[in-house]
Every structure is written in structure tokens, then in C-alpha cells.
Amino acid sequence: MTDIFKDIEPMVYKSQINVPYSWWAGKTASKFFTELKENKKIMGTKCDKCSKVYVPPRKICPFCFKENQAWVELSDEGILLSYTIVRKQLASLPKKVPVIYGLIKLDGADTGLLHFIDEVLPKDIKIGMRLKACFLEERAGKIQDIGYFKPIN
Amino acid sequence: MGKKRVAIIGTGQTYHKSHRPDVNGQELIHEAVSSALCDADLTIADIDAIVIGNMDHFEGINYVDCWSVDGSGGVMKPIIKLTTGGTTGSTIAIGGYHLVASGLFEKVLVIGWEKNSESDTTGAITTAFDPVWDRLVFAGAISGLAVEAQAYMARYGATDRDGARVSVRDRKHACNNPHAQLRKEVTIEDVLASPMLADPIHLLDVCPRTDGACAVIMANEDVAPKLASKLDWIWATSSRHKYTYIGDVNWGELDSMYNASREIYKKAGIKEPNKEISVIELYQPYSFAGIIWIEDMGIVPRGKGAEYIWSGATDMGGELPINPSGGVIACNPIGATGLIRCAEAAMQVMGKADIRQVPDVNFAISTGFGGCMWTDMILHGQKKPDF
Ligand SMILES: [Zn+2]
């Protein structure tokens, strides 16, 4: 195999592209983030037709293909739908391992919200356990304004 | 021609703007899709498959077919993303046509969209060029167009006033189009006094960056006449590419457009395009292309493009109006731009173009153009194709 490269001295050109992004959250998501930041409230949208409650909030119900008009306030508590425990420290991880990712269905919602789970040992985590949002004191209008979810004792 | 003849039965567009901070990408797409469904008097349940497209890197979302289903209506439907740079909008139209013409799908929804305001488009466009050769010494979209214009001016003696006249036309036409982003008339002097971007292209010679979406619904010949009273039949499509490196191009003539148009004319039996075609929606990202490319299309002989433009033949009311919508110079949500040309041509054939309607349209042509000098072309007709 190495023989075929024997007489070749390839030149390599290293480069990169620089594409800074600024994504518009849109009016619907902006309301969610404003409520999170200013009032520590988790808001969802409710489809007029099928009554599904979405968190993250959606302007359009993907099943009914209708714009969701109604806002509903959700509990900051819910149940764990599924999870994983990340053991290897990668550059993309904002925390020290073990890091627990969970999908949390808040009381009153029909969809799962992806977030961190903390204040629990990996061995104690279980699907179906009840969790509660822990808000940061300093909030910036981002999903990280919830630092993580923790078990309710 | 495939197994089935294909007609466009409805179109929809957003009101295109420089920024749409009030919606995310899915929500923007939903506006165009809702509008097209309303135009065709269908619901999303009637749609059998979806083709969607936008520019690579522009929004940094590379699995748009999946991510966009809230807006596209693609939940639990066959959906495919096509992306071919500047021609994306025309490629998705041709792709949708292929899906329906093949006989595999009865009704197909085609969606093009872009939120140009979300990134630095020059960085993204530069990835269309070869990384070892061209990319290190050449960048962005305007440089290639400027090189084309310089070469044409040297070959045929055109001037910057000739280019400006095309910009004056398109910007005037745009005032009739409520969906266009820029709706303000300019004079030749305004164009020439605007900042020089890359010789000989002034700011008012080129397209803006736009947030917008467009959707087109196609149906096969078995169902289309039952679904809509006004149909736009797709007679022929064509796609041509030429080069790997920028030096491969025959600068000053657009060979891909010459070839694509001849394929279309041959398929449809068109002998005198300037007489037989009623209107063109040309993907013309800058003014000089409005002179050069009508020569490549055989509308006028080589070197006669400027004279034809100055005669008023391509203005509203002229022999062959070009860009009644105002075209790309007035509005450019890139992934949607080619599909907007297709939708506007369809509206002309269907008689739905409102105050920008050209009377008695029999054949219309819409085109797509990509920065690497490639061409897509679609021939739209009022009558059902006889082949
Ligand atoms: Zn619903």
C-alpha cells in the first residue's frame, strides 16, 4: 500500500473560511427567551387544532400545519424521557465530564426539552425521574438561563 | 419529455426584505408555502413530495430538508434538498419537474428560500471556487461578473451607460411588484454616480442581499386540469455547466446559456425566439448580463444587445419584456431567486401577474445562473406540450 505513494511529494494547502452568523430567533422564540430572562417563566405554544403544547415554542404546528396562537405557561418541573452520560472530555463540551444530557418533558408540555442534568450522581439517574429547572441569577435571554435540571427529592 | 406532462398549478412568495428578524427560517418558509397552497387551493395533505433548496453555508444549516419541516409541511413526507449555488432555485424547479414527469409523484411542492441577512455571503460563495487554484487569488460573486463585463465591453464596444440602462429598466419594473425588495426608480446618472464596486460594476448595477422564500406547486397532466383552471405547462428544461477553473470560461459570451437555450428551442420547435417568446424572467444578477445573455439566447445577434435594450423592446409594452418582476437586481434571496423567476414566468402564463402582467403570453422563459457561469433554463407554455 505504501509503495504507491513512494515517489510522490504532495503539496498541501491549508485554508479555512470565515463565516460569522447572526441567526434571527424570530418573534415566537424571542417571547420565550424574554420571559425566561425577565420572569423565570417557561412558556410554550398550544396548537388550536390538536391541542399539543410545544416547548420549544413553535409558530406552526408541524402536524396540523397551522400557526399556533395560544401561549401557555408551563411548570418548571417535569419528567426525564431519556438521557446519556458523556464521559470523554471533548472541546465542544462546556462542562467537565461526566456531563449528563437529558430530555425533559415539562408538566403540561407534549414535547421534550433538551438540557443538562446536574446535582445527581450518574448511577442515580433514571428515566421517569422528576426534575426541576435551576435558573441562573444572571440571565441573558438564552436557553442556558436555565443552568440545568436537578432531581426533586 | 418524461412519462407525464407537468404543469405548475400554484405559486407563492414572501414579501422579500433585507432583514426578516420577526421570523426564523422555518417560519419564513411557511409563509411562502401557505401562499402557494392558497393559490392552488390545496392543503398540505394534498402534497406527495417536497423539493427544497438554499445556498450552502449561508445559514450554516446543512440538513435543511429535515430542519425545515415545520415550515415546509414535510412532516412524514418524502423530502429532498438540492443545492447548486446561484442556480439552486431553478435546479429545485427542474428537480420537482423530474419527480412529477417521471410518474412517481402526482403533486410536488418546490421551495426555495434564503436568509441572506444571517451571514457573510462572500465567505460562503468563495467555497464555489477551486481551493488550490482559484480560491487563493479570487473571491466572492462580483469579481467574476466584472470580468465578464470587461471582456464583453472590449469585444463589442459596449459602455457603462448601456449597462446602466438595464438597471434602470429592472428597477422601474420592480415598482409594479409588491414582493420585490427594492422598489425605487433610478436614472442612468444615478447608476453611474453610485460607488464603483469592481470595474465596471457600480453599486446600482448589482443585486442586493435579501431574506425571502418562494414556493411552486407542480402536478401531472392527469390531475392538473382538475385542480386549476389556469395552468402553466412546463415544455422543456435544460441545465449546462462549463468550467472547473475560472480560466476555462469564454469570457464575454455565456456558453452555458447559448447551449441551454438551443436545447430548449429544439425541444419546442422554436425558430424565432424574439417573436415566439412573450416574456423572459432572466436570472440577471447585474446589469451588463441583461445585454450579453440575450445575445447568447439568440434574441439578438452578437454585439446587438445594447441597441435592443435602448430600443425599449425589453421594457413593459415592448416586443419582448424582460423581468416584469424587477428581476434579481431588485430582489435576491439567492436560494429562492431562481424559483422566483420560475414562479413569475408561471404567473405570466397563467395571467396572474396583476399590474406586471404582459398581455397574451404564450411562451415564457425563466432562467437560473450560478457564479461559476452555469445556466438553468425552463420553457413555460400556455398550451399543453404536443410532444
Ligand atoms: Zn396541531
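Residues numbered from 1 in each chain as written. Chains lettered and ligands numbered in written order. Predicted model: local features only at pLDDT ≥ 70, side-chain atom pairs only at ≥ 80, totals over all residues. Heavy atoms only, no water.

Visitor: Help me understand the environment of Ala151 of chain B, please; the structure alone is not making it clear to me.
Guide: The residue Ala151 of chain B is located in helix H6 (residues 142-156) in this model. Taking the C-alpha atoms as reference, Ala151 of chain B lies 5.8 Å from Trp251 of chain B; in sequence the two are 100 residues apart. (Helix = DSSP H or I, 4+ residues; strand = E, 2+ residues; numbered from the N terminus.)

Visitor: Whenever I open this one, the side chain of Asp205 of chain B confuses me. Can you help?
Guide: All names here are of chain B. Structurally, Asp205 is set in the loop between strand E6 (201-202) and strand E7 (211-220). For the buried Asp205, no salt bridge is present, and the opposite-charge side chain at shortest range is Arg171, 7.2 Å distant. Within the structure, Asp205 has its side chain in polar contact with the backbone nitrogen of His202 (distance 2.8 Å). Contact partners of Asp205, with chain neighbours within four places excluded, come to Gly163, Ala164, Ser167, Arg171, Val191, Pro200, Pro285, Tyr286, Ser287, Phe288 and Ile329. (Buried < 20%, exposed > 50% of the residue type's maximum accessible area, 1.4 Å probe, protein only. Lys, Arg positive; Asp, Glu negative; His and termini not counted. Salt bridge = Lys/Arg side-chain N within 4 Å of Asp/Glu carboxyl O. Polar contact = N/O pair within 3.5 Å; in protein donor to acceptor, adjacent residues only side chain to side chain. Contact = heavy atoms within 4.5 Å.)

Visitor: Looking at this structure, how should I read the coordination of the zinc ion?
Guide: Expected angles at a metal are 109.5 degrees for tetrahedral coordination by four donors and either 90 or 180 degrees for octahedral coordination by six donors. Residues and elements named next belong to chain A. Within the protein, Cys47 (SG), Cys50 (SG), Cys61 (SG) and Cys64 (SG) serve as the donor atoms for the zinc ion, at 2.3 Å. What the 4 donor atoms of the zinc ion show is an angle range of 105 to 113 degrees at the metal, which sorts the shape as tetrahedral. The sequence pattern formed by the donor residues of the zinc ion is C-x2-C-x10-C-x2-C. On the basis of relative accessibility, which here comes to 18%, the residue Cys64 falls in the buried class. (Donors = N, O, S within 2.8 Å, 3.2 Å for Na, K, Ca; no water. Tetrahedral: all angles 85-135°; square planar, octahedral: opposite > 155°, others 65-115°.)

Visitor: Quick question: what am I supposed to make of the layout of surface pockets here?
Guide: To find the voids left in a structure, one rolls a probe of water-molecule size over its atoms. Space inside the largest pocket adds up to approximately 950 Å³. Lining of the largest pocket is provided by 29 residues; of these, Phe33 and Pro56 of chain A together with Asn24, Gln26 and Trp67 of chain B occupy positions nearest its centre. Counting only elements with at least two residues in the lining of the largest pocket, the list comes to helix H1 (26-39) and strand E8 (113-117) of chain A together with helix H1 (25-40) and strand E4 (107-115) of chain B. Considering each element in turn, the lining of the largest pocket owes the most residues, 4 residues, to E8 of chain A. In this model, the second largest pocket occupies a volume close to 650 Å³. Met55, Phe58, Ile125, Ala141 and Ile334 of chain B are the residues nearest the centre of the second largest pocket, which is lined by 33 residues in total. (1 Å grid on protein atoms, 1.4 Å probe; cavity = no way out; pocket = protein on both sides within 12 Å on 5 of 7 lines; lining within 4 Å. Points joined across faces, edges and corners; volume = space filled by probe spheres on them.)

Visitor: Looking at this structure, how should I read the pairing of strand E10 (residues 363-370) of chain B?
Guide: Residues in a regular strand point their side chains to alternate faces of the sheet. Residue and element names in this part refer to chain B. The element E10 is extensively covered by neighbouring structure, given that 8 of its 8 residues are classed as buried. Across 4 bridges, strand E9 (residues 277-281) lies against E10 in parallel orientation. Following the sheet pairing, Ile277 is matched in E10 by Phe363. In the sheet, E10 pairs with strand E11 (residues 374-381) via 8 bridges, with the strands oriented antiparallel. Bridging from a neighbouring strand, Ser366 pairs with Ile378 of E11. Between E10 and E11, which follow one another and run antiparallel, lie 3 residues, and Met373 among them has a positive phi close to 60 degrees. (Pairing = 2+ DSSP bridges.)

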